[in-house]
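Topology and contacts: notes
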Amino acid sequence: MIPRTLLLLIPFLLTPALSLAADEPQAVEPKAAKPAETSPWLTDFGAAKVQALREKKDLFIYFTGSDWVKFCKMLEEGAFASPEFLDRITKNYVLLYLDFPKGEEALSRVVDPAVSKELWDHYGVDKAPSIFLCDATGRPYGWTGYLPLSPDRIADRIDELRANGATIRALLANESEEKREELIVAAFPALVDSFLYGYRDYAEYLAAAEKIESVGAQAKRIRATKELEALLATPNPEWEKVHEVLTWAERLTGTKFLNACWGCATEYLAKKGDYEGAIALLRRMLPDPVVQMRKNGAALIESKIAEYEKAAAGEASKRDQR
């Protein structure tokens, strides 16, 4: 379990990148539901790819919790109910609708929950709503969550993502080893901006980016953050492994980094008597922008540092008396 002290830190530090509201439910076991028969949306991934290839279009993949996620309902009752919006989007995309409902009525329209679950995992979906813009084979080049905008502005944003994703599409289409590094560097900002480094089929690009001087440091920070996220997601994190990641990772920021430092310092290093190591990790937390914006967070960290400095002094005094 996450230690009580860490839970005390979370309320004023935790601001997940894809969180849409403080009270938004976490993703549940997904199931696929079928929209109305007159809808332009398809619900079968294979059929959507076939149609996209036939019509020379891309895929617009929408993950939704239609009957329980407030922002999904707002999106579907707003932009997705606009004929003008759909006219614009369907010029370039085949629409794929993947619903993960809770209610019996929506569940009764489930098409293939196993395939939908596979797609949820394959694309590394964090929570609904999530929109992935993909080529006709399903490889993503753009992502967005809920957008609090008018239908026209949402369509504009989709166009922007499509334009920004051109570098990713160029990388995917590349067959020249000589151009690979250049194209990875060009595509890297778009991969980061759309959080597509979490897409498992792009792991090779992230690994290659770590070896490129211009983007290597950022690629390493992304890998470290992903590793910390996976370690912290377990009921009983392996703090020794967390410490290993924190040791080689440099210039990390954000809530995952902060929670990793706090847990590692209080639940691992201090408990084995390494107060100096614990203090060093806690000091790494203080300059973080999230901490700087929440002075009660800084005060808690400084209080813990003082506690460990006192403990370290006490241990040193005992050694001197021997």
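Coordinates for the structure precede this section.
The written sequence of each chain sets the order in which its residues are numbered from 1. Per-residue local features are limited, in this predicted model, to residues with pLDDT of at least 70; the limit for side-chain atom pairs, both in listing and counting, is 80 or more; totals at the level of whole chains, interfaces and linings are taken over all residues. Processing note: side-chain calculations cover all non-hydrogen atoms of the structure and skip hydrogens and water entirely.

**A short note on the sheet that holds strand 3 (residues 130–134)**
Strands in a sheet are paired, the pairing made by backbone hydrogen bonds, and the direction either parallel or antiparallel. Note the following rule: Strand pairing follows a simple DSSP-based rule, namely that at least 2 bridges must link the two strands. Secondary structure follows DSSP: runs of H or I at least 4 residues long count as helices, runs of E at least 2 residues long count as strands, and numbering of each begins at the N terminus. Helix axes are fitted to C-alpha atoms over the stretch in contact, other axes to C-alpha atoms as well, and angles between N-to-C directions run from 0 to 180 degrees. The criterion used for residue contact is that any of the two residues' heavy atoms lie within 4.5 Å.
The four strands lie next to each other as 2-1-3-4, forming an open sheet whose pairing is mixed. This sheet does not close on itself; its edge strands, each paired only once, are strand 2 (93–99) and strand 4 (140–144). With strand direction ignored, the average angle separating the axes of adjacent strands in the sheet is 20 degrees. Bridging between strand 1 (residues 58–64) and strand 2 involves seven bridges; their strand directions are parallel. Bridged to I61 within strand 2 is L96. In the packing of helix 7 (residues 151–164) onto the sheet, contacts are made with strand 1, strand 2, strand 3 and strand 4, and the angle to strand 4 comes to roughly 145 degrees.

**A word on the packing of helix 7 against helix 8 (residues 166–173)**
What counts, and what does not: Orientation labels follow simple angle bins: below 35 degrees gives roughly parallel, above 145 gives roughly antiparallel, 65 to 115 gives roughly perpendicular, and whatever is left gives oblique. Residues are grouped as follows: Ala, Val, Leu, Ile, Met, Phe, Trp, Tyr, Cys and Pro are nonpolar; Asp, Glu, Lys and Arg are charged; every other residue, Gly included, is polar.
At a minimum axis distance of 4 Å, the contact between helix 7 and helix 8 shows a crossing angle of 40 degrees. On the basis of the axis angle, helix 7 is oblique to helix 8. Where helix 7 approaches helix 8, its residues R162, A163 and N164 are matched on the opposing element by A166, T167 and R169. A per-class count over the contact of helix 7 with helix 8 returns two nonpolar, two polar and two charged.

**Describing helix 9 (residues 177–193)**
Short version of the rule: By this rule, a helix spans an expected 1.5 Å times one less than how many residues it contains. In this analysis the local bend is the angle between axes fitted, respectively, to the seven residues ending at and the seven residues starting at the residue. Partly exposed residues are those whose accessible area sits between 20% and 50% of the maximum for their type, while under 20% is buried and over 50% is exposed, using a 1.4 Å probe and protein chains only.
For helix 9, with 17 residues, the first-to-last C-alpha span of 25 Å sits near the 24 Å given by 1.5 Å per residue. A187 marks the point of greatest bend in helix 9, at about 40 degrees, and the proline P189 comes within the next four residues. Among all positions in helix 9, only L183, I184, A187, F188, A190, L191 and V192 are buried. Contacts from the buried residues of helix 9 go to helix 7, helix 8, helix 10 (203–209) and helix 11 (213–232). The positive-phi residue at the C-terminal boundary of helix 9 is F195, with phi of around 55 degrees.

**Examining the packing of helix 11 against helix 12 (residues 239–248)**
Short version of the rule: Should the near helix be turned anticlockwise from the far one by less than a right angle, the crossing is termed left-handed; should it be turned clockwise, right-handed.
Viewed as axis vectors pointing N to C, helix 11 and helix 12 meet at an angle of 170 degrees, and their least axial separation amounts to 10 Å. One element, helix 11, and the other, helix 12, form an angle in the roughly antiparallel class. The two elements helix 11 and helix 12 cross, and the hand of that crossing is left-handed. Contacts between helix 11 and helix 12 involve K220, R223, A224, E227, L228, L231 and L232 from the former and W239, K241, V242, V245, L246 and W248 from the latter. Residues of the contact of helix 11 with helix 12, tallied by class, amount to nine nonpolar, no polar and four charged.

**Focus on the side chain of K304**
Following the sequence through the fold, K304 ends up in helix 16 (residues 295–321). Apart from the residues within four sequence positions on either side, K304 is in contact with W262, T266 and L282.

**What about the nonpolar core?**
Formally: Here, nonpolar core means buried Ala, Val, Leu, Ile, Met, Phe, Trp, Tyr and Cys residues that are tied together by side-chain atoms lying within 4.5 Å of each other.
One finds F60, I61, F63 and Y123 to be the most contacted residues of the largest nonpolar core, which totals 65 residues. Top contributing element to this core by residue count: helix 9, with seven residues. When neighbours within four sequence positions are excluded, F60 is seen to be in contact with W41, F80, I89, Y93, V94, L95, L96, I131, F132, L133 and I158. Y268, L282, L286 and I305 belong to the second-largest nonpolar core, a separate cluster that totals 34 residues.

So yeah, pure geometry; function would need other evidence.
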